[in-house]
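Structural overview
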Amino acid sequence: MKKNRLYFGMLILMLVAVIIWAFYNMLNVGKQETSYRVSVVVENSNSDRWTSLRQGLEQAARDYNISLSFVSTGSFSTAMEEMDVVKKQVTNGANGIILQMNTDHAGQELEDLSGQTAVLLLETDVDPEGVYALVAPDNEEMGAALAQAVQSDFGDDLAGKRVGILACSQSQRSMQQRYTGVSQGLRESGAVVEWSLEGKAESIKDAFYTLEQDKPVDILIALGNDETEMMVDFFAGDELGWRLDRCSLYGVGSSEKNVYYLDKGWIQTLVVPNEFNMGYQSMEAIAKQLIYHMDEVISALESGTLKTYLLDSQVSILEEYLHMMPEKEPVIRKLVEEGKLMIGPWYTQSDELIISGESLARNLWYGISYAREPGNCMMIGYLPDSFGQ
C-alpha cells in the first residue's frame, strides 16, 4: 500500500513538472533570443587553417551576444561567385558581414553592400581606402620574421645559399607584403633568391619539380598556409630523405598539419598568425559598427537634425543596444517619452505567413510590454513582410 502511494506521489510530481515546463514554454512562444546576426564568409571555410579564427569569432560572439553564422564555402573561382554568397546572407537577414576576399575586382559590389549592412574585411586584397574596417596581420613583418629565422639558423654560412620562394598568388596584397619582408630581410645576407613561384596549385607543383632539377635550392620559404602544406607534401614524396637533408623549409601557416610537421622537424620555422585574436577583434569591431548606427540616431535626435525616428517597429534592436550600452538608458528613455524615438509594438519582426497565431500574439505582447516601460509604445501594427524571421 505504501509503495503504491509512493509511486502515485512520484507520478503527480512528474505531471506537475511537465505542466510547469509547458506553461513556461507557452509564455515564451514568439520571444526570440535578441541578437544581431553576423555572417562570416571565407574561402574553403572547412579548412582547419580557420580553426583558431573561428574560435576567436565564437568567443567574441558570446561576449557581445551576436548570432554567428560561419558560412560553408569551397574555393571561389571569381569575385562575383563570392559576392553571390554574401548577397544571399544579406537577403537572409544578416546585420553584418565579415568577409575575406582574394581579389580586388568586386569594388562596386562591395560599395553597394556596405550601404545595406555593416561590412568588415578580413585578410583581404580589397583596398579599404579608409571606407571599410580591416583586420589583418602585419604581413610585411611576417615575411621579415621568416628572413630573420633563416639568418639566425645559418649565420655566416648563409652567404651564397640559394633560396626559393613560394607564393601561390603574388597578385594578392598579403603575399606581396610578405615577399617584400622576406626580400628586404635577406638583402644584405649574401643569400641568392634563385626563383619565386606563383600561380595555381597544380601548375606550381609541375613548375617546382622542373626547378628542382634545373635550379635546386638550399632554402625554401613558403609565404602562406597552403604553400607550406604543399611543400610538406612534396617532402613526403618518394625521395624524402635527400630533400630533407639538402633543403630547409620555412613557412607561414596555422593548420594542424603544418604544426604537426613543425614538431616533426620537417619545417624549421613556422610563423603562425594569431588568428584567434584576429577572429575576436573582427567580431568585436563589427559589433561596435552595429552599435554605432544607434549612436548616430541618438545624436541626430538630440541635436534636432532628426525630428523623429521609427525604430523598425521592433524593440529587440533597442534591447540589444542597451544590453551593450546600459549607460545610454536615460537618454533613450527621454527620447521615447518625448516621442522622438518611436518604438514597438513588436518584439521582433516576424514572418506572419508561416508561424502560429499564438506566436504572433506573444510577440506583440512582449513588444508592447517592453516598449511601455519607458513610457511610450507606438500602437500602430506596422509589420513589413519579413521572410524567415
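Residues numbered from 1 in each chain as written. Predicted model: local features only at pLDDT ≥ 70, side-chain atom pairs only at ≥ 80, totals over all residues. Heavy atoms only, no water.

1. A closer look at the overall build of the protein
Within the protein, the regular secondary structure consists of 14 helices and twelve strands. A total accessible area of about 20,100 Å² is found for the protein, and carbon and sulfur atoms account for 52% of it. (Helix = DSSP H or I, 4+ residues; strand = E, 2+ residues; numbered from the N terminus. Areas by Shrake-Rupley, 256 points an atom, 1.4 Å probe, with all protein chains shown as cover.)

2. Some words on the packing of helix H8 (residues 225-235) against helix H10 (residues 256-264)
Each pair of packed helices can be described by the angle between their axes along with the distance between the axes. Where H8 contacts H10, the two axes come as close as 9 Å, and the packing angle between them is 50 degrees. The pairing of H8 with H10 is recorded here as oblique in orientation. For the pair H8 and H10, the crossing hand works out as left-handed. Residue-level contacts link Asn-225, Thr-228, Glu-229, Val-232 and Asp-233 of H8 to Lys-257, Asn-258 and Tyr-261 of H10. (Axes fitted to C-alpha atoms, helices over the stretch in contact; angles between N-to-C directions. Parallel < 35°, antiparallel > 145°, perpendicular 65-115°, else oblique. Left-handed = near helix turned anticlockwise from the far one by under 90°. Contact = heavy atoms within 4.5 Å.)

3. Description of the sheet that holds strand E1 (residues 36-41)
Here we have five strands laid out as an open sheet, ordered E2-E1-E3-E4-E5, and parallel in their pairing. Edge positions in the sheet fall to strand E2 (66-70) and strand E5 (133-135), since each of these pairs with one other strand and no more. The mean angle between the axes of side-by-side strands here comes to 20 degrees, regardless of whether they run parallel or antiparallel. Relative to E5, strand E4 (residues 118-122) is paired through three bridges, and the arrangement is parallel. The residue bridging Leu-122 from the neighbouring strand is Val-135, located in E5. Helix-sheet contacts for helix H2 (residues 51-63) involve E1, E2, strand E3 (96-99) and E4, and the interaxial angle to E2 is about 160 degrees. Contacting E1, E2 and E3, helix H3 (residues 79-91) runs over the sheet at an angle of about 160 degrees to E3. (Pairing = 2+ DSSP bridges.)

4. Structural notes on the environment of Ile-97
Note on placement: Ile-97 falls in strand E3. Expressed as a C-alpha distance, the spacing of Ile-97 and Val-40, which sit 57 residues apart in the sequence, is 5.9 Å.

5. Concerning the pairing of strand E10 (residues 267-271)
With four bridges joining them, strand E9 (residues 248-252) and E10 adopt parallel strand pairing. If you follow Tyr-250 over to E10, its bridge partner there is Thr-269. A crossover connection joins E9 to the parallel E10 through H10; in handedness this β-α-β unit is right-handed. (Right-handed = clockwise from strand over helix to strand, strands pointing away.)

6. Quick notes on the confidence of the model for the protein
Per-residue confidence for the protein gives a mean pLDDT of 81; residues scoring 70 or more make up 79%. Ranking the elements of the protein by mean pLDDT puts helix H1 (residues 2-27) last with 57 and E10 first with 95. Ignoring residues within four places in sequence, the model shows residues 23-34, a span with pLDDT below 50, making 22 contacts including any to other chains. (pLDDT = per-residue confidence, 0-100.)

7. Digging into the nonpolar core
With 45 residues, the main nonpolar core has Ile-66, Ile-98, Met-283, Tyr-321, Ile-332 and Ile-343 as its most contacted residues. Mapped by element, the contributors of at least two residues to this core are E1, H2, E2, E4, helix H11 (275-303), helix H12 (316-324), helix H13 (329-337) and helix H14 (357-372). A total of eleven residues in this core trace back to one element, the largest contributor, which is H11. In this view, Ile-332 contacts Met-294, Ile-298, Leu-318, Tyr-321, Leu-322 and Leu-341; residues no more than four positions away in its chain are not counted. (Core = buried A, V, L, I, M, F, W, Y, C linked by side-chain atoms within 4.5 Å. Buried < 20%, exposed > 50% of the residue type's maximum accessible area, 1.4 Å probe, protein only.)

8. Some thoughts on a nonpolar patch on the surface
A contiguous nonpolar patch, built from Leu-310, Ile-380 and Tyr-382 and spanning about 270 Å² of accessible area, is present on the exposed surface. Note that Ile-380 resides in the segment after H14. What makes Ile-380 exposed here is its relative accessible area of 52%. (Patch = residues over 30% accessible without salt bridge, like charges linked within 9 Å, V, L, I, M, F, W, Y side chains within 5 Å. Salt bridge = Lys/Arg side-chain N within 4 Å of Asp/Glu carboxyl O.)

9. A short note on the sheet that holds strand E7 (residues 192-197)
On the basis of which strands lie adjacent, the open sheet formed by five strands has the order E7-E6-E8-E9-E10 and parallel pairing. Pairing within the sheet leaves two strands with one partner each, and these edge strands are E7 and E10. Taking each pair of neighbouring strands and ignoring which way they run, the sheet shows an average axis angle of 15 degrees. Contacting strand E8 (219-222), E9 and E10, helix H5 (residues 139-154) crosses the sheet at an angle of about 155 degrees to E9. In the packing of helix H6 (residues 173-186) onto the sheet, the strands contacted are strand E6 (162-166), E7, E8 and E9, and the crossing angle to E6 comes to about 170 degrees.

10. Regarding H3
Helix length check: H3, at 13 residues, gives a terminal C-alpha distance of 18 Å against a target of 18 Å (1.5 Å per residue), a fit within 8%. Within the span of H3, buried status applies to Ala-79, Glu-82, Met-83, Val-86, Gln-89 and Val-90. On an axial view of H3, the arc spanned by its buried residues comes to 110 degrees, and they lie on one face. For H3, exposure combined with an orientation more than 90 degrees from the buried face picks out Asp-84, Lys-88 and Thr-91. The positive-phi residue at the C-terminal boundary of H3 is Gly-93, with phi of around 105 degrees. (Expected span 1.5 Å × (residues − 1). Arc of directions from axis to C-beta.)

11. As for the packing of aromatic side chains
In total, this model carries four aromatic pairs according to the counting rule given. With 4.8 Å between their ring centres and 80 degrees between their planes, Tyr-260 and Tyr-261 make a pair best called edge-to-face. Since its relative accessible area comes to 47%, Tyr-260 is described here as partly exposed. Among the aromatic residues, those joined into a cluster by ring pairs are Tyr-260, Tyr-261 and Trp-266. (Phe/Tyr/Trp six-rings, centres within 6.5 Å; stacked < 30°, edge-to-face > 60°.)

12. Focus: unusual backbone geometry
Omega for the peptide link from Gly-344 to Pro-345 comes to 5 degrees, which places this bond in the cis form. Here Pro-345 is to be found in the loop between strand E12 (341-342) and H14. Of note, the phi angle at Asn-44 is positive, near 50 degrees, even though the residue is not glycine. Residue position: Asn-44 is located in the loop between E1 and H2.

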